[in-house]
Amino acid sequence: MRHIISILMENESGALSRVAGLFSARGYNIESLTVAPTNDPTLSRMTLVTTGNEQIVEQIVKQLNKLIDVVKLMELNEYRYIEREMMLIKVHAAEAGREEIKRLSDIFRGRIIDVTSEVYTIELTGTGEKLDAFMEAVGERHILEVVRSGAMGIARGDRVLRA
Amino acid sequence: MTELTGAEIFVRCLKAEDVDLIFGYPGGAVLHIYDALYKQKDISHILTRHEQGAVHAAEGYAKSTGRVGVALVTSGPGATNAVTGIADAYMDSVPLVVFTGQVPTYLIGNDAFQESDSVGITRPIVKHNFLVKDVADLAETVKKAFYIAASGRPGPVVVDLPKDVTAAKAAFKYPKSIRMRSYNPTIKGHPGQIKRAAELILQAERPIIYAGGGVILGGAAKELTEFTRMLGYPITNTLMGLGGYPATDRQSLGMLGMHGTYEANMAMHQADVVIAIGARFDDRVTGNVDKFCPHAKIVHVDVDPASISKTVRVDIPIVGQVKDVLEDLIGIIRESGKKPKAAPLKAWWKQIEEWRGLDCLKYDRGSELIKPQFVLEKLYEITGGDAYVTSDVGQHQMWAAQFYKFDKPNRWINSGGLGTMGVGLPFAIGTQMAHPDEQVVCVTGEASIQMCIQELSTCLQYHLPIKVVTLNNRYMGMVRQWQEFFYQGRYAMSYMDALPDFVKLAEAYGHVGMRIERPGDVEGALREAMAIKDRLVFMDFVTDDTENVYPMIPAGAGQNEMILV
C-alpha cells in the first residue's frame, strides 16, 4: 500500500542524507521525497512517499522517529489530507498539434510558462495521478522533457504538524 | 571571560563528564588535542597500536563499567580504522563517544591530505554524529554527544573535530543539562500496558522469561532477579544478557538460541507466555521466525520502540527503561496479592527438568586431546566465576557462553551483534584499565587473536596482567563447523596454515607464554597463570581440532529442531 509520511526535521546539513541513508540501508522503498525549510528557519519539512505492508511501514515510522534530527512525523494517509505535486513539462507544439496541446493544458489547468515556435513549457500541479494522466493525454512522442517535484502533503482542516 | 582553545575546551568537557580514561592514537589532525591532554593530569590517555583497538578498548571499558567509553583518533585513516569498532558498538548498543580529527574547515571537501568524510562514512553505524564547524559550538556538541550516547537505547556517537576548530578560541561554558526537542527517550512504561502485562504474566501456565543485553545496559540485573524469583518462573538469557540473572540459580535455563541449551529452546517453543525483557529477537535467537514460539502470547519490554514487533509480532508492547518497567511490574504484582498458578507451574517445571536431564552440554571427558569445553569449565572453577571474561568471535565464544557461569552483570564482554573477530584482546585492555585489581581473562581462538594481536604491545606498555586463553584448533573453528555441516566438509580457507609460535610471540612482546597440549596439564597451567599477578600470560591450548559446538539449531530451523550431538 502507498503511504505518505510528513516529517518535521531539524534544518541541519546532513539531515536529508540520514533519511535517505536509512531507506537504502534497511532496504525500504522511497517513491518520492521532497524537502524544504518551513516558516520556522530551524525546521525542514519533508514529505516522503513509500510503499509497503503495514509491518514494513510501522518499522519505517519507528526507524524515522529514532533519527535524532526528526522532531515529529505524521502518517498523512491516516487522516484526510491534500496532496500536490508540481510538474514542468516541455512538449513539442507545432502546426496542427499546437492548438491541441494548448487545449489539453487548459483542461488540466496547466499554465504555459514558456513559448517558442515549436515548444510549449507547461507548469502543472495536482496529484501524481493527474500529472500521469496529462502526460498520457499529451502522448509520449510530444514530450521533450519532464521535471516533477515529488509529492507534498498536508492534513485537511485544523490538524497541524508543528514542533 | 578568558578564552580557551578548542583543544582546551575539549579537555574541560571531558573532565565535566567525569571521563578518566580515553583510548586513542595521535595523528596530524588531532595534535592540538594531544598537546592539551599532555598538559593535564586528570585524564589518562591509553595509546593502543591501532585505532580499531582503541575503539574496542573503549567498548570494553563501557561494557564492564556501564559508563560511556571514549576514543580519540585522527582524521582519514584514523577515522576509517575506527569504523569496525563503531559498528560493533552500534550493534550491541554500547555507550561510546568517538572523537575523530578532521582536516581544517577550509580544506574540507578538497581531497586534502588524510581527509575522509567521517560523518558520512559513519552515518549508518552511529546513533548520531556531529561535525563541529565552529569552536563556539564545541562544548554544547560534546554535552549532546555524551547525553545521546548514554540515554535511551545507548549507542556510539561520533564527533568530528576539524583541526582549526581545535586551535580557535572561545569562552568555555559547559551546559549543565541538555534539552533536545527532537530527542526524548521514553523512560516510564505505559501504566495500562504494564497492568495488562501483569495480568497475562499471572495467568501463564507455561511461562518463560527471555532476558537480553538491555538488562545489563539498563543496570536492571537486580530488578530482573527479584522479578524472576518472585514469580518462580524459568528464565533464559541471551548471549548479551548473560549475567543479567545468576547462571548458577536453579531457575536459570542458560542461554537460548542457535547454541543455547536444549531446555531453554524447548521451553521457549512450548511456552504459553514469553516475557521478553531488553531482548531484541535476534535471528540467532529466533531461528525461523515462522516457527518461533507458536503457542505463546508475548510481552516485550524495550527502551527502543523500533525493536518492538520488528521481527516478531508481540501481544503486549511496553516501551520504557527496563529497570523502571520491572519495578512497576513487581509493584503491581505485589499489590495485587495474586500468585502464579501453582499446579500448572509445577507441571511445567517437571517438564523442564526432563529436558534439563538430557544434559545437552555433555562432551567426551575421556579424550586424550584437550577438549575446549574442559578448558572453560576449569577456567570457571579456578576463577570462582568472578573474572571479567572477554571473548573473541567463534566456537570459543560459544563455549565460553555455555561453560562459564556468569552470576553477575557486566562480567561477560563480547561482540554479539556484529560478531567482530579481533575484539577480545582490546576488550580486555579496556576492561582491565577500568578494573585494575580484578582478574580479566580473554578467551580467544588462534584466528581471532591474530586480528588485533598487535595490542599485546599496549598490554606491555601499561603492565596489564590479562590472561589470554587461546583455544587453538588450527582452524577457523566456526567456519570449519559450518563447512562440515553444510558444505560436505569442503574446508575452503578455514584452515590456518603457518601459525606463529604463540609462546615465542608472547615472549617477544615481553609477556609470559605457555603451550598446553595434554588434558592433564590444563588445570595446573591455568592455576599457574592466574597466580602470576603482574604479567600478561598468553596460554596456547592445543585443542581437539574436530570438536564442534553443540547443541545447534541450524539456520532456518525452529527452536525445537536442535542438533544435540
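Residues numbered from 1 in each chain as written. Chains lettered and ligands numbered in written order. Predicted model: local features only at pLDDT ≥ 70, side-chain atom pairs only at ≥ 80, totals over all residues. Heavy atoms only, no water.

Undergrad: For this particular structure, what's the right way to read the domain arrangement of chain B?
TA: Size of an interface: often given as the accessible area lost when the parts come together. Residue and element names in this part refer to chain B. Along its sequence, chain B is organised into domain 1 (3-171), domain 2 (191-357) and domain 3 (372-542). One C-alpha centre belongs to domain 1, the other to domain 3; they are set 29 Å apart. Facing 24 residues of domain 1, the contacting portion of domain 3 comprises 27 residues. Among the residues domain 1 hides against domain 3, the three largest losses belong to Arg49, Lys63 and Ser64. Together they make up 30% of the total. Applying the counting rule to domain 1 against domain 3 returns zero salt bridges. Here domain 1 and domain 3 share 13 residue pairs in polar contact (both at pLDDT 80 or more) between them. At the level of elements, strand 2 (21-24), strand 3 (44-47), helix 3 (51-65) and helix 4 (77-91) are the ones that each hand at least two residues to the side of domain 1 that touches domain 3. The greatest single-element share of the side of domain 1 that touches domain 3, amounting to ten residues, is contributed by helix 3. The residue inventory of the side of domain 1 that touches domain 3, partitioned by class, reads eight nonpolar, eleven polar and five charged. (Domains from an automatic or database assignment. Contact = heavy atoms within 4.5 Å. Buried area = accessible area lost by both parts, 1.4 Å probe. Salt bridge = Lys/Arg side-chain N within 4 Å of Asp/Glu carboxyl O. Polar contact = N/O pair within 3.5 Å; in protein donor to acceptor, adjacent residues only side chain to side chain. Helix = DSSP H or I, 4+ residues; strand = E, 2+ residues; numbered from the N terminus. Nonpolar A, V, L, I, M, F, W, Y, C, P; charged D, E, K, R; others polar.)

Undergrad: Explanation requested: the UniProt feature "domain: Thiamine pyrophosphate enzyme N-terminal TPP-binding" (unreviewed entry) in chain B in the structure shown.
TA: Following the UniProt record, one finds the feature "domain: Thiamine pyrophosphate enzyme N-terminal TPP-binding" (unreviewed entry) at residues 5-119 of chain B. End C-alpha to end C-alpha, residues 5-119 of chain B measures 23 Å, and it is 44% helix and 18% strand. (UniProt positions renumbered as here; feature names shortened; annotations may be inferred.)

Undergrad: What is the right way to read the pattern of salt bridges from this model?
TA: Side-chain pairs of opposite charge can arise where the charged atoms are in close proximity. Residue and element names in this part refer to chain B. Going through the model one piece at a time under the given rule, you end up with 42 salt bridges over all chains. One salt bridge connects aspartate 386 with lysine 408, and the closest N-O pair in it is separated by 2.9 Å. Here aspartate 386 is found in the loop between helix 15 (372-383) and strand 15 (388-391), whereas its partner lysine 408 is found in the loop between helix 16 (395-403) and strand 16 (412-413), with 22 residues between them in sequence. The exposure class assigned to aspartate 386 is partly exposed, which follows from its relative accessible area of 38%. Assessed through its relative accessible area of 38%, lysine 408 is described here as partly exposed. Between aspartate 501 and arginine 515 there is a salt bridge, with the nearest N and O atoms lying 2.9 Å from each other. Taken together, the positions of aspartate 501 in the loop between helix 19 (477-486) and helix 20 (502-508) and arginine 515 in strand 19 (residues 512-516) put the pair 14 residues apart, joining distant regions of the chain. With a relative accessible area of 38%, arginine 515 lands in the partly exposed category. What emerges from the salt-bridge pattern is a single network uniting Lys378, Glu381, Glu523 and Arg527. (Buried < 20%, exposed > 50% of the residue type's maximum accessible area, 1.4 Å probe, protein only.)

Undergrad: Is there a simple way to think about the UniProt feature "domain: Thiamine pyrophosphate enzyme TPP-binding" (unreviewed entry) in chain B in this case?
TA: In the UniProt entry, the feature "domain: Thiamine pyrophosphate enzyme TPP-binding" (unreviewed entry) is given for residues 392-540 of chain B. Secondary structure content for residues 392-540 of chain B is 38% helix and 15% strand, and the end C-alpha separation is 15 Å.

Undergrad: Which parts of the structure should I look at to understand the layout of surface pockets?
TA: Where empty space is left in the structure can be found by rolling a water-sized probe over the atoms. The space that makes up the second largest pocket amounts to roughly 1,200 Å³. Lining of the second largest pocket is provided by 44 residues; of these, Gln63(A), Lys66(A), Leu67(A), Tyr90(B) and Asp304(B) occupy positions nearest its centre. For the lining of the second largest pocket, the secondary structure elements donating two or more residues are helix 1 (15-26), helix 2 (54-66) and strand 4 (70-75) of chain A together with helix 4 of chain B. It is helix 1 of chain A that contributes the most residues to the lining of the second largest pocket, six residues altogether. Across the lining of the second largest pocket, the residue classes tally to 19 nonpolar, 14 polar and eleven charged. (1 Å grid on protein atoms, 1.4 Å probe; cavity = no way out; pocket = protein on both sides within 12 Å on 5 of 7 lines; lining within 4 Å. Points joined across faces, edges and corners; volume = space filled by probe spheres on them.)

Undergrad: Sorry, what's going on with the interface of chain A and chain B here?
TA: Between chain A and chain B, the contact holds 21 residues from the first and 19 residues from the second. The junction of chain A with chain B conceals about 1,600 Å² of combined surface from both sides, 43% of it contributed by carbon and sulfur atoms. Linking chain A with chain B are four salt bridges, by the criterion used here. As a salt-bridge pair, Glu58(A) and Arg313(B) come within 2.8 Å of each other at their nearest N and O atoms. Taken together, chain A and chain B are joined by eleven residue pairs in polar contact (both at pLDDT 80 or more). For the side of chain A that touches chain B, the elements supplying multiple residues, two or more each, are helix 1, helix 2 and strand 4 of chain A. Broken down by element, the residue count for the side of chain A that touches chain B peaks at six residues, all from helix 2 of chain A. Per-class residue counts for the side of chain A that touches chain B are six nonpolar, seven polar and eight charged.

Undergrad: Explain the nonpolar core to me, please; I cannot follow it from the model alone.
TA: Considering soluble globular proteins, one finds that nonpolar side chains tend to be buried as a cluster. Residue and element names in this part refer to chain B. Core analysis: the biggest nonpolar cluster contains 97 residues, and Phe227 and Phe541 have the highest contact counts within it. When residues of this core are sorted by domain, at least three fall in each of domain 2 (191-357) and domain 3 (372-542). Setting aside chain neighbours within four positions, we find phenylalanine 541 in contact with Ile370, Val375, Val469, Thr470, Leu471, Asn472, Ile516, Val522 and Leu526. Counting residues in hydrophobic clusters, the runner-up holds 42 residues, among them Val55, Ala71, Val440 and Leu464. (Core = buried A, V, L, I, M, F, W, Y, C linked by side-chain atoms within 4.5 Å.)

Undergrad: What exactly am I supposed to notice about helix 6 (residues 138-150) of chain B here?
TA: Side chains three or four residues apart in an α-helix point the same way, a direct result of the helix having 3.6 residues per turn. All names here are of chain B. Its 13 residues give helix 6 an end-to-end C-alpha distance of 19 Å, which sits within 8% of 18 Å, the value for a rise of 1.5 Å per residue. Elements that come into contact with the buried residues of helix 6 comprise helix 1 (6-16), strand 4 (69-73), strand 5 (96-102), strand 6 (128-131) and strand 7 (156-162). Following helix 6 by one or two positions, glycine 152 adopts a phi angle in the positive range, close to 55°. (Expected span 1.5 Å × (residues − 1).)

Undergrad: Where do I start with empty space enclosed by the protein in this structure?
TA: All names here are of chain B. On inspection of all chains with the given rule, the structure shows one cavity of 30 Å³ or more. Empty space within the largest cavity amounts to approximately 30 Å³. If you go around the largest cavity, the residues you meet are Ala79, Thr80, Val83, Thr100, Ser118, Ile121 and Thr122. Secondary structure elements with two or more residues in the lining of the largest cavity: helix 4 and helix 5 (118-122). For the lining of the largest cavity, the per-class residue count stands at three nonpolar, four polar and no charged.

Undergrad: For this particular structure, what's the right way to read the sheet that holds strand 3 (residues 43-51) of chain A?
TA: Whether parallel or antiparallel, the strands of a sheet pair through hydrogen bonds between backbone atoms. Residues and elements named next belong to chain A. Ordered by their spatial adjacency, four strands build an open sheet running 2-3-1-4, and the pairing between neighbours is antiparallel. Two strands in the sheet have a free side with no partner beyond their single neighbour: strand 2 (32-37) and strand 4. Ignoring strand direction, the axes of neighbouring strands in this sheet form an average angle of 15°. Packed on one face of the sheet, helix 1 meets strand 1 (2-10), strand 2 and strand 3 and runs near 15° to strand 3. Against the sheet, helix 2 touches strand 1, strand 3 and strand 4, its axis set at about 160° to strand 4. (Pairing = 2+ DSSP bridges. Axes fitted to C-alpha atoms, helices over the stretch in contact; angles between N-to-C directions.)

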